[in-house]
Amino acid sequence: MIQRILLQPVATVVRNTNNEEVSDMTAELTLEPYRFQNIYMITTYRCNWDCDFCLFKHNKEEEASIVHMLSQLAYSIDGSDKPAYLKITGGEPFLCPDLLRAVFALCRLEKESIYKVGIGTNGSIPLPDYFRLLETPINIFLSRHTYPDELPSVYDLKRDLYAPSVQFRINCNLIRGQVDTLDKMKEHMRYHAVKSGVDQFTFRELNHVTLEDNLFYPRQIYGYVDYYQKHLVPVAQIEEEMARDPEFELSRITGNAYDTNRWYWWNRPDAPRVSVKFRIIDEQKLVNYNRVTEGVDEYVIHPDGTLTGCWDKDLKLIRR
């Protein structure tokens, strides 16, 4: 496995919990490298929703057999030199119930090698009973980009499922005209904290996709470029607002050469504090990194069963 490259923290100005201005606070923080190996399994590009901001809905691929997908997953787990964080994505993963059941059965067998399991979902489909059988921690990342919404709450999803290992988080894209300011972020978090009892939120920018050097997406996504350019809300714009808000406290930074996670605490008045994460992916750095770096950076299992060492299906193909 290659050695991950650490980013230089970006200097900023924030306030600590005593409302004292702290310059270059991030410079005092050490960027923490991931303690795990990322394994992404894209179960399907199919979805029962049709969100404008979704890139993957344009992808059309045949789907491999369950046996083939499991063999690629087992190979990825065995090929890891550190515990694996299995991240199950889509499309909507719960449209593949037989595959998910088989994946969880494999995870139970490989529990010593699995650090954590994460699943991204819109949460419209009830969680299966076998979730309670997995001792490994499970993160359910619910896509909630507007409020109010009619999707099931965490309370709804947990009603018939007692599984202490399952934790819920809210994922939200920053989209102009929706959640695009710090005040709207607060309203979004307050709404879902009450509706769903969630205290961990992730916000991210829309995917930066250009027509040039596009290695990750099919040509059908080019219509998305116009959408992203019109609706992009930079994370830096929100962080500038947070720097003037005494309720926010910078916590830590994690990441690698192209993917940075910046964590804050929202110390809410008269309410439990909330964890806020900004995920920032520099896709041009990711493209260049994959072109020049040898070795496996992260395993990606595509819906057609292709196994690669990065997100680009034409680079770092893994053949056995």
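Provided above is the structure to which this section pertains.
All figures in this text were calculated on a predicted structure; none of them were measured in a lab. (Residues numbered from 1 in each chain as written. Predicted model: local features only at pLDDT ≥ 70, side-chain atom pairs only at ≥ 80, totals over all residues. Heavy atoms only, no water.)

Participant: Requested: an account of the packing of aromatic side chains, with residues and values cited.
Facilitator: With the rule as written, the count across this model stands at 13 aromatic pairs. For the ring pair Phe 36 and Tyr 115, a centre distance of 5.0 Å and an interplane angle of 15° mean the geometry is stacked. Here Phe 36, found in the loop between strand 2 (21–23) and strand 3 (37–42), pairs with Tyr 115, found in strand 5 (residues 114–121); they are 79 residues apart in sequence, far enough to count as distant. Residue class for Phe 36 comes out buried when judged on its relative accessible area of 9%. Residues Tyr 85 and Tyr 115 carry aromatic rings whose centres are separated by 5.9 Å and whose planes lie at 70° to one another, so their mutual orientation is edge-to-face. Highlighted residues: Tyr 85 in strand 4 (residues 84–89) and Tyr 115 in strand 5, separated in sequence by 30 residues. A relative accessible area of 26% places Tyr 115 in the partly exposed class. Feature note: the residues Phe 94, Phe 104, Tyr 130 and Phe 131 constitute an aromatic cluster, connected by ring pairs. Directly above the ring of Tyr 85 sits Lys 87, whose terminal nitrogen or CZ lies 4.8 Å from the centroid. (Phe/Tyr/Trp six-rings, centres within 6.5 Å; stacked < 30°, edge-to-face > 60°. Helix = DSSP H or I, 4+ residues; strand = E, 2+ residues; numbered from the N terminus. Buried < 20%, exposed > 50% of the residue type's maximum accessible area, 1.4 Å probe, protein only. Lys NZ or Arg CZ within 6 Å of the ring centre and 35° of its normal.)

Participant: Outline the side chain of Thr 293, supporting the account with residue identities and numerical values.
Facilitator: Its location among the elements puts Thr 293 in the loop between helix 7 (283–292) and strand 12 (299–301). Here the side chain of Thr 293 touches Tyr 289 through a polar contact of 2.8 Å, landing on its backbone oxygen. (Polar contact = N/O pair within 3.5 Å; in protein donor to acceptor, adjacent residues only side chain to side chain.)

Participant: Tell me what's going on with the sheet that holds strand 3, and back it up with residues and numbers.
Facilitator: Spatial ordering of the open sheet is given by 9-10-11-8-7-6-5-4-3-12-13, a layout of 11 strands whose pairing is mixed. Each edge of the open sheet carries a strand with a single partner, namely strand 9 (248–255) and strand 13 (307–308). Here eight bridges tie strand 10 (residues 259–266) to strand 11 (residues 274–281), and the two strands are oriented antiparallel to one another. By the bridge assignment, Asn 261 is partnered in strand 11 with Arg 279. Helix-sheet contacts for helix 2 (residues 97–109) involve strand 3, strand 4, strand 5 and strand 6 (138–143), and the interaxial angle to strand 4 is about 175°. Each of strand 7 (166–173), strand 8 (200–204), strand 9, strand 10 and strand 11 touches helix 4 (residues 182–196); the most contacted strand, strand 8, lies at about 145° to it. (Pairing = 2+ DSSP bridges. Contact = heavy atoms within 4.5 Å. Axes fitted to C-alpha atoms, helices over the stretch in contact; angles between N-to-C directions.)

In short, the description is geometric, and any link to function would need to be established separately.
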